[in-house]
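Listed below are the residues making up each chain.
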Amino acid sequence: MPLDIMHKIEGVIFDLDGVIVDTAQFHYAAWKKLAKEWGYALSLENNEQLKGVSRMDSVRKIAHWAGVHPTEEKLAQVAKQKNDTYLKLCGQLTPDYLLPGIADLLAQLKANKVRIALGSASKNAHFVLKKLGLSTVFDVVVDGNSVIHSKPNPEVFLKAARLMKVLPQNCVVIEDAPAGIEAALAAGMHAVGLGNPNELYKAHVVLPNATNLTMKQLNIIKGVA
Ligand code: BG6
Ligand code: MG
């Protein structure tokens, strides 16, 4: 789909884990514990491949790496155990855990009437948003409970755009995961990667974090100043 460079940004879709809050470390700790029980030492490199990926797809990947072949029932059971560990870790979250620049960017977008959505693979998104004091901030929340296909499938972002009533080409996605960048591009959207440029090289632009990420910059990324 050709990207429309004539219109300003109308909608911004934020990933949750690793963009708004550093829950990526909690997911990693919880997956590491599970992998250990299968005799597998989950590396940071492995974890990169789990970012943005749904819980069940993640547990299947880890079983594959560990060379174990549990039944579907067992996989569901260990995924639940992982989630219990994860939720316990999330218990400590407060608004202070917002990643740098996010609060300012959200406020700026709101003040300029740009629509904002959450587009996350997590089924715990509402719980995490509540802990962060962001329950009522997003115009639209699309999470792991409301989509069938996991990133890199664009479903989550296309649904967010539809619910915001904004054309995909007028949306920017902010993501920390390679799978999320691919999903944004497949949706025909602009993609800002937050994190390592070597991993997020497919994004239109990669920044270390959202500090100093302004609406003006998002429009420049889209092609209009
Ligand atoms: C994504 C995370 O946002 O959500 C993944 O990057 C996680 O690591 C996925 O597996 C699903 O999360 P949850 O909270 O539904 O287990
Ligand atoms: Mg993420």
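Residues numbered from 1 in each chain as written. Chains lettered and ligands numbered in written order. Predicted model: local features only at pLDDT ≥ 70, side-chain atom pairs only at ≥ 80, totals over all residues. Heavy atoms only, no water.

### A short note on the coordination of the magnesium ion (ligand 2)
Perfect tetrahedral coordination of a metal by four donors corresponds to 109.5 degrees between them, and perfect octahedral coordination by six donors corresponds to 90 or 180 degrees.
Line of reasoning, step 1. Bound to the magnesium ion (ligand 2) on the protein side are Asp15 (OD), Asp17 (O) and Asp176 (OD), at distances that span 2.0 to 2.1 Å.
Line of reasoning, step 2. For the magnesium ion (ligand 2), the single-chain donor residues occur in sequence as D-x1-D-x158-D.
Line of reasoning, step 3. The class for Asp15 is buried, based on a relative accessible area of 5%.
Line of reasoning, step 4. A relative accessible area of 13% means that Asp17 is categorised as buried. (Donors = N, O, S within 2.8 Å, 3.2 Å for Na, K, Ca; no water. Buried < 20%, exposed > 50% of the residue type's maximum accessible area, 1.4 Å probe, protein only.)

### Concerning the sheet that holds strand β1 (residues 11–14)
Line of reasoning, step 1. Pairing in this open sheet of six strands is parallel, and the strands run β3-β2-β1-β4-β5-β6 from one edge to the other. Each having just a single partner strand, β3 (140–142) and β6 (205–207) make up the two edges of the open sheet. Each strand of the sheet is rotated relative to its neighbour by a mean of 20°, with strand direction disregarded.
Line of reasoning, step 2. Of the strand pairs in this sheet, β1 and strand β4 (residues 171–175) are connected by four bridges, and their pairing is parallel. Considered in β4, the bridge of Gly11 is made with Cys171.
Line of reasoning, step 3. Packing of helix α5 (residues 102–111) onto the sheet brings it into contact with β1, β2 (115–119) and β4, and relative to β1 it is tilted by some 155°.
Line of reasoning, step 4. Against the sheet, helix α7 (residues 155–164) contacts β1, β2, β3 and β4, and its axis sits at roughly 160° relative to β3. (Pairing = 2+ DSSP bridges. Helix = DSSP H or I, 4+ residues; strand = E, 2+ residues; numbered from the N terminus. Axes fitted to C-alpha atoms, helices over the stretch in contact; angles between N-to-C directions. Contact = heavy atoms within 4.5 Å.)

### Focus: the packing of aromatic side chains
What describes a pair of aromatic rings is the distance from one ring centre to the other and the angle between the planes of the rings.
Line of reasoning, step 1. In this structure the tally under the stated criterion is one aromatic pair.
Line of reasoning, step 2. Residues Phe14 and Phe138 carry aromatic rings whose centres are separated by 6.1 Å and whose planes lie at 75° to one another, so their mutual orientation is edge-to-face. Separated by 124 residues along the polypeptide, Phe14 in strand β1 and Phe138 in the loop between α6 (125–131) and β3 bring together distant segments of the chain. Take Phe14 and Phe138: they sit in the same class, and that class is buried. (Phe/Tyr/Trp six-rings, centres within 6.5 Å; stacked < 30°, edge-to-face > 60°.)

### Quick word on helix α8 (residues 178–186)
Line of reasoning, step 1. Listed in full, the buried residues belonging to α8 are Ala179, Gly180, Ile181, Ala183 and Ala184.
Line of reasoning, step 2. On its buried face, α8 sits against α7, β4 and β5 (190–194).

### Points about the packing of helix α3 (residues 55–66) against helix α4 (residues 72–90)
Line of reasoning, step 1. Remark: α3 packs on α4, axes separated minimally by 10 Å, with the N-to-C direction vectors making an angle of 110°. Judged by the angle between their axes, α3 and α4 are roughly perpendicular. The element α3 and its partner α4 pack so that their crossing is right-handed. Listed contacts from α4 to Arg55, Met56, Val59, Arg60 and Ala63 of α3 are Glu72, Leu75, Ala76, Val78, Ala79 and Asn83.
Line of reasoning, step 2. Of the residues in the contact of α3 with α4, the class split is seven nonpolar, one polar and three charged. (Parallel < 35°, antiparallel > 145°, perpendicular 65-115°, else oblique. Left-handed = near helix turned anticlockwise from the far one by under 90°. Nonpolar A, V, L, I, M, F, W, Y, C, P; charged D, E, K, R; others polar.)

### Some words on the layout of surface pockets
Line of reasoning, step 1. Its volume calculated, the largest pocket comes out at about 550 Å³.
Line of reasoning, step 2. In terms of lining, the largest pocket is formed by 30 residues, of which the most central are Val53, Ser54, Arg55, Ala121 and Ser122.
Line of reasoning, step 3. For the lining of the largest pocket, the elements supplying multiple residues, two or more each, are α1 (24–37), α3 and α4.
Line of reasoning, step 4. Residue contributions to the lining of the largest pocket peak at four residues, all from α3.
Line of reasoning, step 5. Grouping the amino acids of the lining of the largest pocket by side-chain chemistry returns ten nonpolar, eleven polar and nine charged.
Line of reasoning, step 6. Both domains that meet at the lining of the largest pocket, namely domain 1 (11–21 + 95–221) and domain 2 (24–90), each give it at least three residues. (1 Å grid on protein atoms, 1.4 Å probe; cavity = no way out; pocket = protein on both sides within 12 Å on 5 of 7 lines; lining within 4 Å. Points joined across faces, edges and corners; volume = space filled by probe spheres on them. Domains from an automatic or database assignment.)

### Re the environment of Pro154
Line of reasoning, step 1. Structurally, Pro154 can be placed in the loop between β3 and α7.
Line of reasoning, step 2. Each C-alpha atom, one on Pro154 and one on Gly188, is 8.9 Å from the other, the two residues being 34 residues apart in sequence.
Line of reasoning, step 3. Excluding its chain neighbours within four sequence positions, the residues that come into contact with Pro154 are Ala183, Ala186 and Ala187.

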